[in-house]
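Per-entry structural report
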Amino acid sequence: MTIARLHGGPLDGQVLPLEQADLDKFIAPYGEGQIIYRRTGAPENTGDHDGPTTAEFWFVEATEDINPDPDGRDA
């Protein structure tokens, strides 16, 4: 199993399992659109006895505007 560490964007700091270890992009639904993260660097912890493999992904874009308060409750 490979773990994605997400940086930047609305999922900053999240750690998620990846179904495919060789993904170059992580695309997830977010609101009415999608958010896109891109892999940077090589995977870490790829040995048999050093824990799960991890990959760093950095926020690239969102297909829709990201509004942290879509219903106005925080006003």
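Quick look at the structure, then. (Residues numbered from 1 in each chain as written. Predicted model: local features only at pLDDT ≥ 70, side-chain atom pairs only at ≥ 80, totals over all residues. Heavy atoms only, no water.)

1. What to know about the overall build of the protein
Of regular secondary structure, the protein possesses zero helices and five strands. Going residue by residue from the N terminus, the α and β elements of the protein occur as β-β-β-β-β. A total of 75 residues make up the protein; the buried ones form 25% of that total. Residue pairs in contact within the protein that sit at least 24 positions apart in sequence constitute 42% of those at least 6 positions apart. Accessible area for the protein stands at about 5400 Å²; split by element, carbon and sulfur atoms hold 47% of it. (Helix = DSSP H or I, 4+ residues; strand = E, 2+ residues; numbered from the N terminus. Buried < 20%, exposed > 50% of the residue type's maximum accessible area, 1.4 Å probe, protein only. Contact = heavy atoms within 4.5 Å. Areas by Shrake-Rupley, 256 points an atom, 1.4 Å probe, with all protein chains shown as cover.)

2. Here we look at the sheet that holds strand 4 (residues 33-44)
Taken together, the five strands give an open sheet; going across it, the order is 2-1-5-4-3, and neighbouring strands pair in mixed fashion. Among the strands making up the open sheet, the edge pair consists of strand 2 (15-18) and strand 3 (25-30). When strand polarity is set aside, the average angle formed by the axes of neighbouring strands in this sheet is 35 degrees. As judged from the six bridges shared by strand 3 and strand 4, these two strands associate in the antiparallel manner. Within strand 4, the residue paired with Tyr-30 across the bridge is Gly-33. (Pairing = 2+ DSSP bridges. Axes fitted to C-alpha atoms, helices over the stretch in contact; angles between N-to-C directions.)

3. Points about the side chain of Thr-53
The topology assignment puts Thr-53 in strand 5 (residues 53-62). With relative accessibility at 18%, the residue Thr-53 sits in the buried group. From its side chain, Thr-53 meets the backbone oxygen of Asn-45 in a polar contact 3.1 Å long. (Polar contact = N/O pair within 3.5 Å; in protein donor to acceptor, adjacent residues only side chain to side chain.)

4. Points about the pairing of strand 1 (residues 2-7)
Taken together, the four bridges between strand 1 and strand 2 define a ladder with antiparallel strand orientation. Residue pairing across strands places Arg-5 opposite Val-15, the latter belonging to strand 2. As paired strands, strand 1 and strand 5 are joined by six bridges and run parallel to one another. Bridging across to strand 5, His-7 finds its partner in Trp-58.

5. Re the environment of Pro-29
With respect to the helices and strands, the residue Pro-29 is situated in strand 3. Using a relative accessible area of 71% as the deciding quantity, one classes Pro-29 as exposed.

6. Remarks on the side chain of Glu-56
The topology assignment puts Glu-56 in strand 5. For Glu-56, which is buried and forms no salt bridge, the nearest opposite charge comes from Arg-5, at a distance of 4.3 Å. Apart from the residues lying within four places of it in its own chain, the contact partners of Glu-56 are Arg-5, His-7, Arg-38, Arg-39 and Thr-40. (Lys, Arg positive; Asp, Glu negative; His and termini not counted. Salt bridge = Lys/Arg side-chain N within 4 Å of Asp/Glu carboxyl O.)

Functional significance is not addressed by these values, which are geometric in nature.
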